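Architecture at a glance
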Amino acid sequence: MIHNKEVIPAQPAPKGTIGPIAWLRGNLFNGPINSLFTLLGLYVLYLLVVPTIQWAFIDADWVGTSREDCSRVGACWVFVNARFNQFMYGLYPSSEYWRANIVFGMFAAIIAWMVIPRLPFKRWVAVFALLAFPVIAYVLLHGGYFDLPRVSTHRWGGLMLTLLLATVGMVGALPIGIVLALGRRSNMPIVKSFCVIFIEFWRGVPLITILFMASVMLPLFLPTGMGVDRLVRALIGLTLFQSAYMAEVIRGGLQAIPKGQEEAAAALGMTYWKRMGLIVMPQALKMMIPGIVNTFISLFKDTTLVMIIGLFDLLGIVQAALSDSRWLGFSLEGYVFAAFVFWIFCFSMSRYSQYLERKLNTGHKR
Amino acid sequence: MSVRPNIRPAGHKPPFWRDRAKRALIFQLILVAVVAAFLIYIIGNTQDNLNARGITTGFGFLNNTAGFGIGQTLIEYTSRSSYGRTFIIGLLNTLLVGGLGVLAASIIGFIVGIARLSPNWLIAKLANAYIETFRNIPLLLQIFFWYFAVLRTLPSARDSMAFGEVIFLNVRGLFLPEPLFESGFGLIPATLIAAIIASIALVIWNRRRHEATGKRLPAGWISLALIIGLPMLVLVATGVPITWDVPELRGFNFRGGITIIPEFLALWLALSIYTASFIAEIVRSGIQAIPHGQTEAAQALSLPRKLVLRLVVIPQAMRVIIPPLTSQYLNLIKNSSLATAIGYPDLVSVFAGTTLNQTGQAIEVIAMTMAVYLIISLLVSMFMNWFNARVALVER
C-alpha cells in the first residue's frame, strides 16, 4: 500500500471559477444564445425600468393641494396625497377616523401575534379574534352604542372596506367550508350529494353573477318589506362563494391524512366528532394552512368586484375619485397607487404561505 | 383466536339511535326536510314579492324586442332583435374573448414558465418578476388600467398610430385590414385539411415504423412543412385570390377593415396577462415535479437531449400540468364576466345587465346566465375526469 503521511494543503479554487466575472460567465454569458438572451433581457429591463423611475420618482410632483401643483411631466402624487384619507376610509366622517384606526390597529396586532412564531397564547388570541374582536369592531365602526355616533354602512369604504369584506368573508366561510368538506366525504348519500351540488354550484359560476344574485335576487327571497343592507348582501354572496372554495381546500387536507389515523381512532371507540375534532382535523388543518392563505389571497383580490354592485372598496373609491372633475386625467396615478397597495398585501401573504409550506414540509419530505 | 362472548341475549336490538344505518337515515331525512322547508319559504316569499311588484314569471320575454344596440356583434343583430338574440350575442362574445384569452394566456404562460427555469439568471429573474407582479394585482384593477389608463388615452382617429399604413390604433380601437376571399379561394382550406390528414397519417406510420424497425423520420418537421407549405403553394399557384380591405380614415372615424373595440382589447390583454402568470407557475412546478432520476435514467439509455425532453420529461410534466391548467382556463372564462365593468358586451354585461334592467326578470335572467357558466364548468370537469382516468399512474 502506498500512502503519504503529508497532508496536501488545500488549494485555492482554479482561477475563473470564482468571483463576479466567473459568475457572470456561468449564469449570463455561457454560450452565444444565452448571451443574446441576456442582452435582450437587459434591453427590456432598460425599456421598462428607466421610464418608470423617471415618471414615478424623478419627474413626479409630491407636494401641493390642487392639480395646478403638478407639472404633468411625471406622476402627480399630489392627487393620491389629497385623496389618501378617502382611499383608506371611504366616506367615513373624518372626525370618526380614530374608531377605524383602533380597529385597524387591533387587526394588525392580532395578525402579527398569530404570524410571529415565538409569541405565546396563540389559542387565546385566536379565540379573542374570532369571538370578541368582531363585536368590538362592529360597535366601533358602526356606532350607535356608548354615545358613539352612528355611521351607516354606505359610508364605509376604501381599504377599510376591502379588509372588512375579505376578513368577514373568510371567517364566515371557514366553518361552512369545514361542514361542506366533511359532508362531501360522508357515507350518507343524500348528505354527500347535497354537499357536492352546493360546492360545484358556487365554484362553477363567476363571482360577479353571485354578487348580482345577492343584490338583485336576495331581496326577492326575503319577506316583503324586509330590506337587507347592501354591505350585508355582498358579504352573504362573498361568504357562500368562498365557502365552496374553502371546502375544496379542506377536503384536500383531509385526503392527505392516512386512513389509518381515522381507523385507529375508531378502534379506540371514539365517536365521529371526536375522531374528526381530535385526530383528523388538527393534523389536516396544519397541512391546509398554505392552501387557506392562497384562497384568502384570491378572495382579497376578488373583493374588488363589489364595486360593480355599488360598494366603494379601495378600487371603487379610486375609480370614483378619478371621475372628479377637479382631478381629471390622473387615472394612471390612481391605479398605480391601488395596485401598489394590493400588491403589498398579496405579495406578503403569498410569501408567508410559501414560508409556512417550507416550515410544515420538513416532517413529510421523502 | 378467542371468540368474544355474546353479552346481549338473542333477539335484543340496540335502541334505534345507536344503530348507525337508522341514525344516518334519520339525519338525512331531517336534512331533506330542512332544505325543503327553506326552499318553500324562499319560493313563497319570491312569489309574494313578484306579485307585489307585478312581474310575471316565465321565459316569454325572450321573444320581445330588445330595443338597444350592442357594440360588438359576431352575428347579425339590430335593436329590433329579440331579448333571446341578446343572450346569443352575449354568449358568443364571452366565448370569443374566452377562447382568444385561453390561447394568448397559454402562449405567454408557457414561455414565462419555461423562462422561469432558464439557466440564464437574468431571464429567470425577469420571468419571476412578471409572475409576482401580475399575480398579486386584482384582475379588475388590471382591466381598468388597460382600458382607462392606456387605451382611453390613445390619440383620436385623426392622429392614430399607424403600423405600416394598414393597421391603425386609436382611442376607438384597433383597425385591421380584412381579407376578402375571391372565387377559387375554397381550394386553400381544402388543401390545408388534406395536409393535416396527411401529416396525421405520416405520424402514425412513422411511429409504427419506429417501433418495428427502430428507424424514424423527422415527422414533425415534415408535417409542419406539409401544413404550411402546401396551402402556400396552392395560394401562389392560383394567383393569390385575396384582396385586402384596408381601413381608411373618412371624416372622424375609420371605415372598412376589421374593427377591434378597445373594450375587447383591454379585457383580452388583462385576462391573458393575469392568467398567464398563474399558468407560468403551473408549468414551472409541473416541470420541476419530474424527479431528476427520470432525466438521468433517460440519459443513461443514451437518448439524445431532445428526445429526453420529448419522450420522458414533457409527457410526465403534462400529467401534472393539465389538471390545474384546465381549472385556470375555467377561471379565465369565468373572469371574462368582469367585462361588465368596462362595458364589453359579454353575457353578463348584455344579458344579466341591460336585459335584466329592461325586463326586470331577475330570476330567469340570472338563472340562464348561471346555467351557461355551470354547463361550461361541467363540460370542463367531465373532460378533466376523463383525462385523469386516462393518464393516472397505475400503481399497485
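Note that the structure is a prediction, hence the values are computed from the model and not measured.

Rules and cut-offs
- Residues numbered from 1 in each chain as written.
- Chains lettered and ligands numbered in written order.
- Predicted model: local features only at pLDDT ≥ 70, side-chain atom pairs only at ≥ 80, totals over all residues.
- Heavy atoms only, no water.
- Phe/Tyr/Trp six-rings, centres within 6.5 Å; stacked < 30°, edge-to-face > 60°.
- Buried < 20%, exposed > 50% of the residue type's maximum accessible area, 1.4 Å probe, protein only.
- Helix = DSSP H or I, 4+ residues; strand = E, 2+ residues; numbered from the N terminus.
- Lys NZ or Arg CZ within 6 Å of the ring centre and 35° of its normal.
- Pairing = 2+ DSSP bridges.
- Axes fitted to C-alpha atoms, helices over the stretch in contact; angles between N-to-C directions.
- Contact = heavy atoms within 4.5 Å.
- pLDDT = per-residue confidence, 0-100.
- UniProt positions renumbered as here; feature names shortened; annotations may be inferred.
- Expected span 1.5 Å × (residues − 1).
- Bend = angle between axes of the 7 residues up to and from the residue.
- Buried area = accessible area lost by both parts, 1.4 Å probe.
- Salt bridge = Lys/Arg side-chain N within 4 Å of Asp/Glu carboxyl O.
- Polar contact = N/O pair within 3.5 Å; in protein donor to acceptor, adjacent residues only side chain to side chain.
- Nonpolar A, V, L, I, M, F, W, Y, C, P; charged D, E, K, R; others polar.
- Lys, Arg positive; Asp, Glu negative; His and termini not counted.

Each aromatic ring pair is characterised by the separation of its centres together with the angle its planes make. Using the criterion set out here, one finds 27 aromatic pairs over all chains in the structure. Taken together, a centroid distance of 5.0 Å and an interplanar angle of 75° make the contact between Phe201(A) and Trp202(A) edge-to-face. Among the residues examined, Trp202(A) registers a relative accessible area of 8% and is labelled buried. Centre to centre, the rings of Phe87(B) and Phe351(B) are 5.0 Å apart; their planes meet at 65°, and the pair counts as edge-to-face. Taken together, the residues span a long stretch of sequence, with Phe87(B) in helix α2 (residues 83-116) and Phe351(B) in helix α10 (residues 347-359) at a distance of 264 residues. Overall, the relative accessible area of 0% leaves Phe351(B) in the buried class. Within the aromatic cluster, the residues linked to one another by ring pairs are Phe194(A), Phe198(A), Phe201(A) and Trp202(A). Sitting over the face of the ring of Tyr245(A), Arg203(A) holds its NZ or CZ atom 5.6 Å from the ring centroid.

What follows concerns the sheet that holds strand β8 (residues 258-260) of chain B. All names here are of chain B. Pairing in this open sheet of 4 strands is antiparallel, and the strands run β1-β2-β3-β8 from one edge to the other. Edge positions in the sheet fall to β1 (161-163) and β8, since each has one partner strand and no second. This sheet shows a mean twist of 15° between the axes of neighbouring strands, independent of strand direction. Alignment of strand β2 (residues 167-170) against strand β3 (residues 173-176), held across 3 bridges, turns out to be antiparallel. From the neighbouring strand, Asn-170 faces β3, where its bridge partner is Gly-173. Packing against the sheet, helix α7 (residues 262-288) makes contact with β2, β3 and β8, and its axis sits at approximately 55° to β8.

Time to look at the confidence of the model for chain B. When the pLDDT values of chain B are averaged, the result is 83; 95% of them are 70 or greater. Our summary of model confidence lists the complex with pTM equal to 0.85 and ipTM equal to 0.85.

Let us now look at the UniProt feature "transmembrane region" (unreviewed entry) in chain B. Taken from the UniProt record, the annotation "transmembrane region" (unreviewed entry) applies to residues 24-44, 87-115, 184-205, 217-244, 264-283 and 365-387 of chain B. Secondary structure over residues 24-44 of chain B splits into 100% helix and 0% strand, and the C-alpha atoms at its two ends are 30 Å apart.

Let us now look at helix α5 (residues 122-142) of chain A. Note on helix geometry: an α-helix contains 3.6 residues per turn, so any two residues three or four positions apart are oriented the same way. All names here are of chain A. For α5, spanning 21 residues, the distance from its first C-alpha to its last is 28 Å, which sits close to the expected 30 Å at 1.5 Å a residue. At Ala-132, α5 shows its strongest bend, of approximately 45°, with the proline Pro-134 following within four residues. Taken residue by residue, α5 has Val-125, Ala-129, Phe-133, Ala-137, Val-139, Leu-140, Leu-141 and His-142 as its buried positions. The inward-facing, buried residues of α5 contact α4 (97-115) and α6 (158-184). Two residues or fewer past α5, Gly-143 is found with a positive phi of approximately 75°.

Time to look at the interface of chain B and chain A. Contacts between chain B and chain A engage 50 residues on the former and 53 residues on the latter. Each partner contributes to the roughly 4,600 Å² buried at the junction of chain B and chain A, and carbon and sulfur atoms together form 73% of this total. We note a salt bridge from Arg351(A) to Glu132(B), for which the minimum N-O separation is 3.6 Å. Across the contact surface, chain B and chain A share 15 residue pairs in polar contact (both at pLDDT 80 or more). For the side of chain B that touches chain A, the elements supplying multiple residues, two or more each, are α1 (20-53), α3 (121-135), α4 (139-150), α7, α10 and α11 (362-391) of chain B. Taken together, the residues of the side of chain B that touches chain A break down into 34 nonpolar, 11 polar and 5 charged.

Time to look at the side chain of Arg233(A). All names here are of chain A. Its place among the elements puts Arg-233 in helix α10 (residues 230-255). Here Arg-233 sits buried without a salt bridge, and the closest side chain of opposite charge, Asp-229, lies 7.2 Å off (N-O distance). A polar contact of 2.9 Å, which involves the side chain of Arg-233, links it to the backbone oxygen of Ser-215. If we skip the residues at most four places from it in the chain, Arg-233 touches Ala-214, Ser-215, Leu-218, Pro-219 and Val-228.

This chain's UniProt record puts "transmembrane region" (unreviewed entry) on residues 36-58, 97-116, 123-141, 161-182, 194-222, 278-297, 304-322 and 334-352 of chain A. Annotated as 95% helix and 0% strand, the span residues 97-116 of chain A places its first and last C-alpha atoms 28 Å apart.

We now examine the pattern of salt bridges. All names here are of chain A. Tallied over the full model, the rule gives 8 salt bridges over all chains. Salt-bridge contacts for Arg-251 lead to Glu-248; the nearest nitrogen and oxygen are separated by 3.1 Å. With Arg-251 and Glu-248 both in helix α10 and 3 residues apart, this pair spans about one turn of that helix. Relative accessible area serves as the criterion here: at 21%, Arg-251 is assigned to the partly exposed category. With its nearest N and O atoms 3.4 Å apart, the salt bridge here joins Arg-275 to Glu-262. Highlighted residues: Arg-275 in helix α12 (residues 272-302) and Glu-262 in helix α11 (residues 259-267), separated in sequence by 13 residues. Overall, Arg-275 belongs to the buried group, its relative accessible area being 11%. Connected through salt bridges with shared partners, the residues Arg-184, Glu-200, Glu-248 and Arg-251 form a single ionic network.

Residue and element names in this part refer to chain A. Here Ala-284 shows up in helix α12. On the accessibility criterion, Ala-284 (0% relative accessible area) is buried. For the pair formed by Ala-284 and Met-213, sequence separation is 71 residues and the distance between their alpha carbons is 34 Å. Aside from chain neighbours lying at most four places away, what touches Ala-284 is Gly-253, Leu-254 and Ile-257.

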